[in-house]
Amino acid sequence: MILYSFRRCPWAMRARLALRYAGCEVQIEEVAMKHKPAALLALSPKGTVPVLDTGAGVLEESLDIMRWALQHNDPQDWQLLADPAAAQQAEALIARNDSTFKAQVNLYKYAERYPEHTREHYRQQAEAWLAELEGLLEGRAYLLADHPSLADAALLPLMRQFAGVEPQWFAEAAYPRVRSWLEGWLGSDLFKAVMAR
C-alpha cells in the first residue's frame, strides 16, 4: 500500500494522520511536486497529492483516504458513531473548512498576490471561523467530543497554516482555546510521527 504525499501539504498531512492513527501499514512516497513520478500520474492523472494505492483501488482525495482508514480501525471513535448529530456537524465543519476557510487562508497567506486588500483585511475575514471554533472548544479539548474526531484531524492542517502566517499575531489573538487545541495537536506523538522527515 503506497501513499503519494508531500510533507507540508495540508491535505496529505491529514491523510497521513488518519492512516497512522488507524495503524494502516503504508509506504509513504514523498513527491517532488515539480518532478511528479510516472507511477503517481499513472494512478491519478491530475497529479495532486495525496493519492493512496490500496492495492485494491486508488483513492485521490484526502477525506476519502481518512474515511477509508477509519473504516479499518477507529479505536477512539473519530467517526463519532456514538453521536450521529456530532458526526453530521463534523461533516458540515469539514465542508466549510475545505471551501470557505481554505480560500481565506490562501488570500491571507499570499496577500501580496491579492493587493486589492491588506493582509490584515484577509485575516479579519477568517476570524469569524476562529471565533466559531473557539466557541466549540468551550469546556473541552476537542471540537465535537471529549476525544479527537475526524473534524479535528481534518481541520488541523489548515489552521496550522493560518497560524504560521503571522505567528506573533496568532500567539496574542483572542482565541486561547483554538491556540491550545492547535498546540495540543502539534505536540502530539501522532502529529510528530506523520511530520518526521
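Since the model is a prediction, treat every value here as computed from it, not as a measurement.

Q: Mind showing me how you'd approach the pattern of salt bridges here?
A: Close approach of charged atoms allows side chains of opposite charge to pair. Enumeration according to the criterion identifies 7 salt bridges in this entry. In this structure, Asp98 engages Arg14 in a salt bridge whose closest nitrogen and oxygen atoms are separated by 2.6 Å. Note that Asp98 is positioned in helix H4 (residues 84-109) and Arg14 in helix H1 (residues 10-21), a separation of 84 residues in sequence. For Glu112, the salt bridge is made with Arg119, and the minimal N-O distance between the two is 3.2 Å.

Q: What is the right way to look at the pairing of strand E2 (residues 27-30) in this model?
A: Across a regular strand the side chains alternate sides, sitting on one face of the sheet and then on the other. Sheet topology note: the strand E1 (residues 2-5)/E2 ladder contains 4 bridges and is parallel. The residue bridging Ile2 from the neighbouring strand is Gln27, located in E2. One crossover worth recording links E1 to the parallel E2 by way of H1, and it is right-handed.

Q: Which parts of the structure should I look at to understand the sheet that holds E1?
A: Whether parallel or antiparallel, the strands of a sheet pair through hydrogen bonds between backbone atoms. Read across the open sheet, the 4 strands follow the order E2-E1-E3-E4; overall the sheet is mixed. The open sheet has two edge strands with one neighbour each: E2 and strand E4 (58-59). Sheet strands touched by H1: E1, E2 and strand E3 (51-53). Its angle to E1, the strand with the most contacts, is close to 150°.

Q: I would appreciate a short explanation of the nonpolar core in the present structure.
A: As a rule of thumb, nonpolar side chains are buried together in soluble globular proteins. Among the nonpolar cores identified, the biggest contains 59 residues, and Phe101, Leu133, Leu144, Met159, Phe162, Phe170 and Trp181 are the most heavily contacted of them. Looking at this core, the elements with two or more residues in it are H1, helix H3 (62-72), H4, helix H5 (119-136), helix H6 (150-165), helix H7 (167-172), helix H8 (176-186) and helix H9 (189-195). Ranked by residues supplied to this core, first place goes to H6 with 10 residues. With sequence-adjacent residues up to four places away left out, Leu144 is seen in contact with Leu80, Ala86, Gln89, Ala90, Leu93, Leu136, Ser149 and Ala151. Judged by nonpolar contacts, the second largest core, of 7 residues, contains Cys9, Ala12, Val31 and Val51.

Q: Sorry, what's going on with the confidence of the model for the chain here?
A: Detailed reading of the predicted model is not advised wherever pLDDT is low. Overall, the predicted model of the chain reaches an average pLDDT of 94, with 100% of residues at or above 70. When pLDDT is averaged over each element of the chain, H6 comes out on top at 98 and helix H2 (residues 38-43) at the bottom at 81.

Q: Before we go on, may I ask you to explain the environment of Leu19 in this structure?
A: Structurally, Leu19 can be placed in helix H1. Judged by its relative accessible area of 1%, Leu19 falls in the buried class. Along the sequence, Leu19 and Leu70 sit 51 residues apart, while their C-alpha atoms lie 7.8 Å from each other. The contacts of Leu19, once residues within four sequence positions are left out, are Leu3, Cys24, Val26, Leu52, Ile65, Trp68 and Ala69.

Q: Would you explain the UniProt feature "domain: GST C-terminal" (unreviewed entry) in the chain in this entry?
A: The sites that UniProt annotates as "domain: GST C-terminal" (unreviewed entry) are residues 83-197. This span, residues 83-197, is 73% helix and 0% strand, and a straight line between its end C-alpha atoms measures 36 Å.

Q: Please clarify how the packing of aromatic side chains should be interpreted in this entry.
A: Both the distance between ring centres and the angle between the ring planes are used here to describe each pair of aromatic rings. Applying the stated criterion to the full structure yields 9 aromatic pairs. A ring pair is formed by Tyr142 and Trp185, whose centres lie 6.4 Å apart and whose planes are at 80°; its orientation type is edge-to-face. Residue Tyr142 is located in the loop between H5 and H6, and its partner Trp185 is located in helix H8; the two are separated by 43 residues in the primary sequence. Using a relative accessible area of 24% as the deciding quantity, one classes Tyr142 as partly exposed. Every member of this aromatic cluster is reached through a ring pair, and the members are Phe101, Tyr108, Trp129, Phe162, Trp169, Phe170 and Tyr175. Positioned above the aromatic ring of Tyr110, the side-chain terminus of Arg113 is 4.1 Å from the ring centre.

Rules used in this analysis
Each chain has its residues counted from 1, running along the sequence as written. At least 70 in pLDDT is required for a residue's local features to be given in this predicted model, at least 80 for side-chain atom pairs to be given and counted, and no such filter applies to totals for whole chains, interfaces and linings, which use all residues. Hydrogens and waters are ignored; side-chain quantities use all the structure's heavy atoms. Here, a salt bridge means any side-chain nitrogen of Lys or Arg that lies within 4 Å of a carboxyl oxygen of Asp or Glu. Under the DSSP-based scheme used, a helix requires at least four consecutive residues in state H or I and a strand at least two consecutive residues in state E, with every element numbered from the N terminus. DSSP bridges decide pairing: two strands pair if at least two such bridges lie between them. Looking down the strands as they point away from you, a crossover is right-handed if its path from the first strand over the helix to the second goes clockwise. Any pair of residues with heavy atoms lying within 4.5 Å of one another is described as a contacting pair. Convention adopted: a line fitted to C-alpha atoms gives each axis, helices being fitted over their contacting stretch, and angles between N-to-C directions are expressed from 0 to 180 degrees. Nonpolar core, defined: a set of buried Ala, Val, Leu, Ile, Met, Phe, Trp, Tyr and Cys residues in which side-chain atoms within 4.5 Å join the residues together. Burial here depends on accessible area, computed with a 1.4 Å probe over protein chains only, as a share of the maximum for the residue type. Under 20% is buried, over 50% is exposed, and the range in between is partly exposed. The predictor attaches a confidence to each residue, called pLDDT, with possible values from 0 through 100. UniProt positions are given in the numbering used here, feature names are shortened, and annotations may be inferred rather than shown by experiment. Only rings of Phe, Tyr and Trp enter the pairing, Trp through its six-membered ring, and a pair is recorded when the two centres are within 6.5 Å. The plane angle decides the type: under 30 degrees is stacked, over 60 is edge-to-face, the rest tilted. Note on geometry: a ring has a charge over it if NZ (lysine) or CZ (arginine) is within 6 Å of the ring centre and within 35 degrees of the ring normal.

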